[in-house]
Amino acid sequence: MGQKIDPNLWSDGAQPHLMGGKLPSGEIVFPMPVGDAAEGVEPYKLSRRGKLWSWTSQGFLPKEPYEGPGSGPGEGPPDFQPFLLGYVELPGEVIVESRIVDARLEDLHLGMDLEFCIVPFNTTHDTFAFRPVSQAESKAA
Amino acid sequence: MSENVYIIGAGIHPFGRTDGRSGREQGVYAVREALKDAGLDWRDIECAYGGSAAAGNADIMVNELGLTSLPFTNVANGCATGGSALAASQQAIASGMYDLALAVGFDKHPRGAFNAKPADYGLPEWYGQTGMMLTTQFFALKIQRYMQLHGITRTALGRVAEKAFRNGTLAPHAWRRSPVDLETILNAPMINDPLTKYMFCSPAEGAVALILASEKKMKELGADGVKIRSIAVKTRPPNSFEVFQAGVSIEEGGKPTVLASQAAFEKAGVGPEDIGVAQLQDTESGAEIMHMAENGFCKDGEQEEWLANGWSEIGGRLPVNTDGGCLACGEPVGASGLRQVYENVEQLRGRAGERQVPGKPRFGYSHVYGAPGLSAVAILERE
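In this report, we go over the structure that sits alongside the text. (Residues numbered from 1 in each chain as written. Chains lettered and ligands numbered in written order. Predicted model: local features only at pLDDT ≥ 70, side-chain atom pairs only at ≥ 80, totals over all residues.)

**Topic: the overall build of chain B**
Formally: Each helix corresponds to a stretch of at least 4 residues labelled H or I by DSSP, and each strand to a stretch of at least 2 residues labelled E; elements are numbered beginning at the N terminus. Computation of the radius of gyration draws on C-alpha atoms alone. For the globule rule, the value is 2.2 Å times the number of residues to the power 0.38. Exposed residues have 12 or fewer other C-beta atoms within 10 Å of their own C-beta, buried residues have 20 or more, and residues in between are partly exposed; the C-beta atoms are placed from the backbone. In this description, a residue-residue contact is defined by the distance between C-beta atoms placed from the backbone, which must lie within 7 Å.
A tally of regular secondary structure across chain B gives 13 helices and twelve strands. A compact globule built from 383 residues should have a C-alpha radius of gyration of about 21 Å, and chain B, at 20 Å, falls within 12% of that. For the C-alpha atoms alone, the extent of chain B along its principal axes is close to 55 × 50 × 40 Å. Relative to its full complement of 383 residues, chain B shows a buried share of 60%. Taking contacts inside chain B between residues at least 6 apart in sequence as the whole, the part at least 24 apart equals 76%.

**Here we look at the packing of helix H6 (residues 154-168) of chain B against helix H10 (residues 285-294) of chain B**
Residues and elements named next belong to chain B. Here is the rule we go by: For helices, the axis comes from a line fit to the C-alpha atoms of the stretch in contact; other axes are also lines fit to C-alpha atoms, and the angle between any two N-to-C directions lies between 0 and 180 degrees. Angle categories: roughly parallel below 35 degrees, roughly antiparallel above 145, roughly perpendicular from 65 to 115, and oblique for all the rest. Three classes are used, and their members are as follows: Ala, Val, Leu, Ile, Met, Phe, Trp, Tyr, Cys and Pro are nonpolar, Asp, Glu, Lys and Arg are charged, and the others, Gly among them, are polar.
Running from amino to carboxyl end, H6 crosses H10 at an angle of 100°, the nearest separation of the two axes being 8 Å. Between H6 and H10, the angle is such that the two are roughly perpendicular. Of the residues in H10, those touching H6 at Ala-156, Leu-157, Val-160 and Ala-161 are Ser-285, Gly-286, Glu-288 and Ile-289. Its residues placed into classes, the contact of H6 with H10 shows five nonpolar, two polar and one charged.

**Notes on the interface of chain B and chain A**
This is how it is decided: Whether two strands pair depends on DSSP finding at least two bridges between them.
In this complex, chain B contributes 30 residues to the contact, which on the side of chain A involves 34 residues. Among the elements that line the side of chain B that touches chain A, the one with the most residues is helix H5 (residues 135-150) of chain B, at six residues. The residue makeup of the side of chain B that touches chain A, split by class, is 14 nonpolar, twelve polar and four charged. Two strands pair when backbone bridges link them, and strand S7 (residues 94-100) of chain A and strand S9 (residues 247-248) of chain B are joined in this way by two bridges, in the antiparallel orientation. Within S9 of chain B, the residue paired with Ile-95 of chain A across the bridge is Val-248 of chain B.

**Considerations on the nonpolar core**
In plain terms, the rule: What we call a nonpolar core is a set of buried Ala, Val, Leu, Ile, Met, Phe, Trp, Tyr and Cys residues whose membership is set by joining through C-beta atoms within 7 Å.
Core analysis: the largest hydrophobic core is formed by 156 residues, its most contacted members being Leu-210 and Ile-211 of chain B. Dropping the residues within four chain positions of it, Leu-210 of chain B is found in contact with Ile-7, Gly-9, Ala-10, Ala-34, Leu-86, Ala-103, Leu-338, Val-341 and Tyr-342 of chain B.

**Quick notes on the sheet that holds strand S4 (residues 42-45) of chain A**
Residues and elements named next belong to chain A. Spatially, S3-S2-S4 is the arrangement adopted by the three strands of the open sheet, whose pairing is antiparallel. In this open sheet, the two edge strands, each paired with only one partner strand, are strand S3 (28-29) and S4. As paired strands, strand S2 (residues 19-22) and S4 are joined by four bridges and run antiparallel to one another. Directly across from Met-19, in S4, lies its bridge partner Lys-45.

**Concerning unusual backbone geometry**
The omega torsion across Glu-64 of chain A and Pro-65 of chain A is 5°, close enough to zero to call that bond cis. Here Pro-65 of chain A is to be found in the loop between strand S5 (49-58) and strand S6 (83-90). Each neighbour pair has its own omega, and for Asp-193 of chain B with Pro-194 of chain B the value is 10°, a cis peptide bond. Within the secondary structure layout, Pro-194 of chain B lies in the loop between strand S5 (190-192) and strand S6 (195-196). In the Ramachandran plot, Ser-69 of chain B falls in the positive-phi region, its phi being about 70° despite a non-glycine side chain. Along the polypeptide, Ser-69 of chain B turns up in the loop between helix H2 (62-65) and strand S3 (72-74). Among the residues examined, Ser-69 of chain B registers 7 C-beta atoms within 10 Å and is labelled exposed. Backbone geometry places Phe-244 of chain B, a non-glycine residue, at a positive phi of 60°. Its place among the elements puts Phe-244 of chain B in the loop between strand S8 (226-235) and S9. C-beta crowding within 10 Å serves as the criterion here: with 22 such atoms nearby, Phe-244 of chain B is assigned to the buried category.

**With respect to the sheet that holds S8 of chain B**
Residue and element names in this part refer to chain B. Across the sheet, which stays open at both edges, the nine strands sit in the order S3-S2-S4-S7-S1-S8-S12-S11-S10 with mixed pairing between neighbours. The outermost strands of the open sheet, each flanked by one partner alone, are S3 and strand S10 (275-280). Between one strand axis and the next, the sheet turns through 20° on average, direction left out of account. Where strand S2 (residues 47-51) and S3 come together, three bridges link them in parallel fashion. Note that in S3 the partner of Gly-50 across the bridge is Asn-74.

**Some thoughts on the pairing of S2 of chain A**
All names here are of chain A. In the sheet, S2 pairs with S3 via two bridges, with the strands oriented antiparallel. The residue bridging Gly-21 from the neighbouring strand is Val-29, located in S3. Between S2 and S3, which pair antiparallel in sequence order, lie five residues; one of them, Gly-26, sits at a positive phi of approximately 100°.

Here it is, written out as structure tokens:
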């Protein structure tokens, strides 16, 4: 396991949760606000299960401040690893933007069941992602 | 009662890449073109508003244009820089304080996709570090969902790009001036699914200047003016889905484009059916499709039929992006919104040459959208 890309982005433990915030109005937001905007906002453990709301692929090496494969010293576009990302609707909470792992582009569809997970991001850090539930369950079996 | 405001001069520096000429120098070029068009001298201009996103301040253009002591306000409003400069100039004249004003926008961006800093948008660093802070992803994510919900095909996305490059061949100020066929567009490398390389505009360079006048001044000069019927600038309402959002509300919210469009139509006292030519933000193919509906020109899903039948072509029911839009012209952020207005001024005056919309259009509509969720709409009228 690498370091967390942000120490407060998800909770620790065997069943980590992405951390959102609960506004005084009851509305759930992501990410948890910081600074003055955090006043009155309670940290909120978001659901580990959600449904795919939209998706795309990242086919080219992003510029700074990207720190993934291909961005290091002496690295370039050939070192980049394309990835999938999307928005995941956490029922009754909020729609979060996330990497999508363990799936092929052609398998993705609206409303697909997804589950929260932690994945290696670069040589030093981990980040969060969502993956298809069926595959996660069959792996666990 | 506020004064009527007219655009009496329009100048453009060709979009694309101009090595050896700074963004601001391109701005100065556009101002001189606009002055020539209006038959005015720089000394005649009473106030000015302008800016760029990445090419410096506008106000020091006075070094080249002349030290006439006019008030020159720098505008730094991201993608709405041009739209905000236009709105400010319009207000300066509508208030009765001035009779002649300048709105100018210019830019010069490095090659490749824009790279934004999370802190500038109030976002945590991880959002940029993990490769999620890309405008191109947002556009792909928005159109992907829209296609699923409203039955828009990849072919329709391709047709938008094909039309843009075809129109670009007819526009002297466009950057991309060669046609690209549908098959090439659809089979090009995928940037962010479902959008291929040819479906995205590129950051570019260019400049546009517009000279605005009061009705009294226009008549006094005998100038060829186009009336500004309305301008509306709106930032995002609650629960909207915009570029650079790590979290989106589960409640379906409003859209800044819908708000700006409705406000502009209401102020102008006309409706979508009255518009004869439209320039809609087409950062990528999907944006033009969604913005057709958000601006009230069709219902969600009808774009498929529009594009298959060529209804948004020059000569069609409602010509859209007659100079090739951002797809063919590229996107110098500070100048892009004013380019749309420039194109409508040329179309309404009947001076658009090979790309002229037939039938003497009376109303021209322009719409710009940008981060962090704002839209500006301008409706012009040829009286």
